Amino acid sequence: MKKIILLLFVGLLAVSVQAQDQVAKIEFKSETVDYGEIEKGSDGVRIFEFTNTGDAPLVISDVKSSCGCTIPKKPDAPILPGETGEIQVKYDTKRVGPIRKAITVSSNADTPTKVLKIKGTVKSEGAK
């Protein structure tokens, strides 16, 4: 009886160690998007592309912006190993001036929190 219990324990331990080896990894093509100089009221949508370089499905649980002028959109479905995904960010280009914002991405990756940045300048209409 003791041998059977020991055998089951060792088997479960081996399975749990193997399961821990599988982890999602998120790798962004670029962690900063530079809008450059854009006109007031122009298209403020930009994309952060990433790849799951791990060996487990990547689940993005939350994406938050540092202010209400930036609206991020996360993927709904898990990103399988080797596949790519994107996080869409929309900045309110009706606000004239410099853009310096952070987007915090939370996931089940080996690095569970990543901070992405957007930067640039919104010029007033007719400014050169």
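Here the structure is a predicted model, which means the values were calculated and not measured.

A. Representation of the sheet that holds strand β7 (residues 97-107) in the model. If you trace the four strands from one edge of the open sheet to the other, you get β2-β8-β7-β4, paired in mixed fashion. The two strands at the open ends of the sheet, each matched to only one other strand, are β2 (32-39) and β4 (60-65). Each neighbouring strand pair of the sheet contributes to a mean axis angle of 20°, computed without reference to strand direction. Across five bridges, β4 lies against β7 in antiparallel orientation. Each residue of the ladder has a partner; that of serine 65, found in β7, is isoleucine 103.

B. The sheet that holds strand β1 (residues 26-28), seen in detail. The four strands are arranged β1-β3-β6-β5 in an open sheet whose pairing can be described as antiparallel. Of all the strands in the sheet, just β1 and β5 (70-73) have a single pairing partner and so form its edges. With direction set aside, neighbouring strand axes in the sheet form an average angle of 30°. In this structure, β5 lies alongside strand β6 (residues 84-91), joined through four bridges in antiparallel fashion. Bridge pairing in β6 places isoleucine 71 opposite lysine 90.

C. Up close: the state of the cysteines. All told, the structure shown has one disulfide when counted by the stated rule. With a sulfur-sulfur separation of 2.2 Å, cysteine 67 is cross-linked through a disulfide to cysteine 69. Between cysteine 67 and cysteine 69, the disulfide has an S-S torsion of -60° and is therefore left-handed. Using a relative accessible area of 24% as the deciding quantity, one classes cysteine 67 as partly exposed. We classify cysteine 69 as buried; its relative accessible area is 4%.

Thresholds, definitions, all that
- All chains use their own residue numbering, which begins from 1 and follows the written sequence.
- Where totals are concerned, whole chains, interfaces and linings use all residues; where local detail is concerned, this predicted model gives features only for residues with pLDDT of at least 70, and gives and counts side-chain atom pairs only at 80 or more.
- In computing side-chain properties, one takes all heavy atoms of the structure into account and sets aside hydrogens as well as water.
- Strand pairing is assigned whenever DSSP identifies at least 2 bridges connecting the two strands.
- A helix here means a DSSP run of H or I that spans at least four residues, while a strand means a run of E at least two residues long, and both kinds are numbered starting from the N terminus.
- Axis definition: a line fitted to C-alpha atoms, over the contacting stretch in the case of helices. Angles run 0 to 180 degrees between N-to-C directions.
- Throughout, a disulfide means two cysteine sulfur atoms within 2.5 Å of one another.
- Residue exposure (1.4 Å probe, protein chains only): buried if accessible area is under 20% of the type maximum, exposed if over 50%, otherwise partly exposed.

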